[in-house]
Amino acid sequence: MYLKVSLVSNLKGLDVIQIQNNIQLKPFNSLKLNSVASHYIHIEQTRQIPAAVQYAIQNQLNILVLSGGSNLLLPEKINALVMHIDIQGIEYLDEDEQSRSLRVGAGQVWHEFVLYTTTKRLYGLQNLALIPGRVGASPVQNIGAYGVEAGDFIESVQVYDRETGQFDSICAKDCGFSYRHSIFKDQPNRYIITHVTFRLLKTPQLKLNYGDLKLAMAGDQSAENLQQQVIHIRQSKLPDPAQYPNAGSFFKNPVISNEAYQKLAVRFPRLPHYPQLTGQAKIAAGWLIEQAGWKGKRLGQVGMFEKQALVLVNYAEASLEDIKATYCAVQHDVYQKFNIMLEPEPVLYNEIAQICSHTE
């Protein structure tokens, strides 16, 4: 069913948007959870956003901003306006001798964008190849892998600010980037990301902090080979989402005090850890899960992948309750063994598109 609504836009006077009702979101979330949205709009142009926001306000609906659907957990029914951001395009901005800026549409597929930068001899994002999702999600979670975070190369983030009703650009220093965090997570109902501007290097500065990646590079220390090896490693460990629906790494790597790490290291000498500038230690969540006996283990239709314990997989037609039961069981067993409570990465929504705590 389609519903056309005419609204006054703050961009071009009278604007017409198309709202669809009772739309199945299973194709739009990587865990393939059945979830029906009462109201849905496909956003391809920034000019659609103010009118869609006004529609939600007039109809007393919360808004759920959907990007690639790779980092969220959805209920069976959502009484809200789902705004599916599909803004495309890559625009070259300024450059200097060392770097160049690109503004990228929030709907651009992240992995395709990373491959594109490498073909254009622009460097920095190669460690982040094959991460699922869209460009617009990259600053929200400050996605990272193999010692690199998206925030390291983000210059600014273009948004529609629902609080002011205006489009704006937020520079990187004001985005509050930290490990898997940003202001966009702190204020999830304020900003709708339309574009992300990256400043990439013209000369590679490779980061090979992780042993398996450094070893895989062998004698070819090029950015192209780095990207190829990242893809190869991820493909060898991670399930194909088309065959095994998943949300990528399901838990964050916990960061604990150095004192807590030293105590654990006495009991578990092989515990992988990565010293932080704060003096803390980041612990490999996948190792904790594997040691707790969950690698390849299933609870009904859901389980942790046999090749990478950090990835939760929907093996059949699992519901949100099935997913929650499994990750709660994993959390419990890891806590019992290591006294560490793992924190899920995906955002959990309720029936009116409010973000919920995983502990509720």
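Sequence order as written defines residue numbering, which begins from 1 separately in each chain. Two thresholds apply to this predicted model, a pLDDT of at least 70 for residue-level local features and 80 or more for giving and counting side-chain atom pairs, whereas whole-chain, interface and lining totals are computed over all residues. With hydrogens and water set aside, each side-chain value is computed from the structure's full complement of heavy atoms.

1. Regarding the side chain of serine 35
Stated formally: Each helix is a run of DSSP H or I of at least 4 residues and each strand a run of E of at least 2, with the numbering of both proceeding from the N terminus. Burial classification: accessible surface area is computed with a 1.4 Å probe over protein chains only, and a residue below 20% of its type maximum counts as buried, one above 50% as exposed, and the rest as partly exposed. Contact between two residues is taken to exist if any of their heavy atoms lie within 4.5 Å; hydrogens are not considered.
When you line up the elements, serine 35 lands in the loop between β2 (13–24) and β3 (36–43). Of the residues examined, serine 35 reaches a relative accessible area of 0% and is grouped as buried. Ignoring anything within four residues of it in the chain, the contact list for serine 35 reads Ile23, Gln24, Leu25, Lys26, Leu74, Pro75, Glu76 and Ile78.

2. As for the nonpolar core
How we decide: The definition of a nonpolar core used throughout is a set of buried Ala, Val, Leu, Ile, Met, Phe, Trp, Tyr and Cys residues joined through side-chain atoms within 4.5 Å. Per the annotation, domain bounds derive from an automatic or database assignment of domains.
Counting 58 residues, the largest nonpolar core has Leu81, Met83, Trp110, Leu125, Phe184 and Phe198 as its most contacted members. Here this core takes seven residues from strand β13 (residues 191–201), the largest share from any one element. Three or more residues apiece are contributed to this core by two domains, here domain 1 (3–83) and domain 2 (88–234). Ranked by size, the runner-up nonpolar core spans 36 residues in total, among them Ile283, Val302, Ile340 and Leu348.

3. Focus on the sheet that holds strand β18 (residues 298–299)
Convention followed: When DSSP finds two or more bridges between two strands, those strands count as paired. In this analysis, axes come from line fits to C-alpha atoms, helices being fitted only over the stretch in contact, and the angle between any two N-to-C directions falls in the range 0 to 180 degrees.
As summarised here, the arrangement of the four strands in space is β14-β20-β19-β18, forming an open sheet in which the pairing is antiparallel. In this open sheet, the two strands that pair with only one neighbour each are β14 (246–249) and β18. One ladder, built from two bridges, connects β14 with strand β20 (residues 311–314); its direction is antiparallel. Following the sheet pairing, asparagine 246 is matched in β20 by valine 313. Contacting β18, β19 (302–304) and β20, helix α9 (residues 320–338) runs over the sheet at an angle of about 35 degrees to β19.

4. A word on the packing of aromatic side chains
Filter applied, for reference: Pairing of aromatic side chains requires ring centres within 6.5 Å, counting the rings of Phe and Tyr and the six-membered ring of Trp. Pairs whose planes differ by under 30 degrees are stacked, by over 60 edge-to-face, and all others tilted.
Evaluation of the coordinates by the stated rule reveals 13 aromatic pairs. Here the aromatic rings of phenylalanine 184 and tyrosine 191 are separated by 5.7 Å at their centres, their planes lie at 80 degrees, and the arrangement is edge-to-face. When sorted by exposure, phenylalanine 184 lands in the same class as tyrosine 191, which is buried. Judged by centre distance (6.4 Å) and plane angle (80 degrees), the ring pair of phenylalanine 268 and tryptophan 287 falls under edge-to-face. Pair noted here: phenylalanine 268 is in the loop between α7 (258–267) and β16 (273–275) and tryptophan 287 is in helix α8 (residues 285–291), with a separation of 19 residues, a long-range link. Like phenylalanine 268, the residue tryptophan 287 is buried in the burial classification. Among the aromatic side chains, those forming a connected cluster through ring pairs are Trp110, Phe113 and Phe198.

5. Thoughts on the confidence of the model for the chain
The condition is simple: The predictor reports its confidence for every residue as pLDDT, a score running from 0 up to 100.
Here the chain averages 92 in pLDDT, and 95% of its residues register 70 or above. Across residues 1–14 the pLDDT falls below 50, and counting only partners more than four positions away or on other chains, this stretch makes 42 contacts in the model.

6. Describing the sheet that holds strand β5 (residues 72–73)
Judged by pairing direction, the sheet is mixed, and its three strands sit side by side in the order β5-β21-β22 without closing on themselves. Edge strands, defined here as strands with exactly one partner in the open sheet, are β5 and β22 (355–356). Pairing geometry for strand β21 (residues 347–349) and β22, over two bridges, is antiparallel. When the sheet's bridge partners are listed, leucine 348 is paired in β22 with cysteine 356. Across the face of the sheet, α9 comes into contact with β5 and β21 while running at roughly 135 degrees to β21.

7. What about the UniProt feature "active site" (unreviewed entry) in the chain?
Counted only if it meets this: UniProt positions are given in the numbering used here, feature names are shortened, and annotations may be inferred rather than shown by experiment.
Within the UniProt annotation, "active site" (unreviewed entry) is assigned to Arg180, Ser249 and Glu345. The annotated residues occupy 166 residues of the chain but converge on a single region, no pair of C-alpha atoms lying more than 11.6 Å apart. With respect to the helices and strands, serine 249 occurs in strand β14. On the basis of relative accessible area, serine 249 is assigned to the partly exposed category, the value being 32%. Look past the residues within four positions of serine 249 in its chain and what remains in contact with it is Leu310, Val311 and Glu345. On the secondary structure map, glutamate 345 appears in the loop between α9 and β21.

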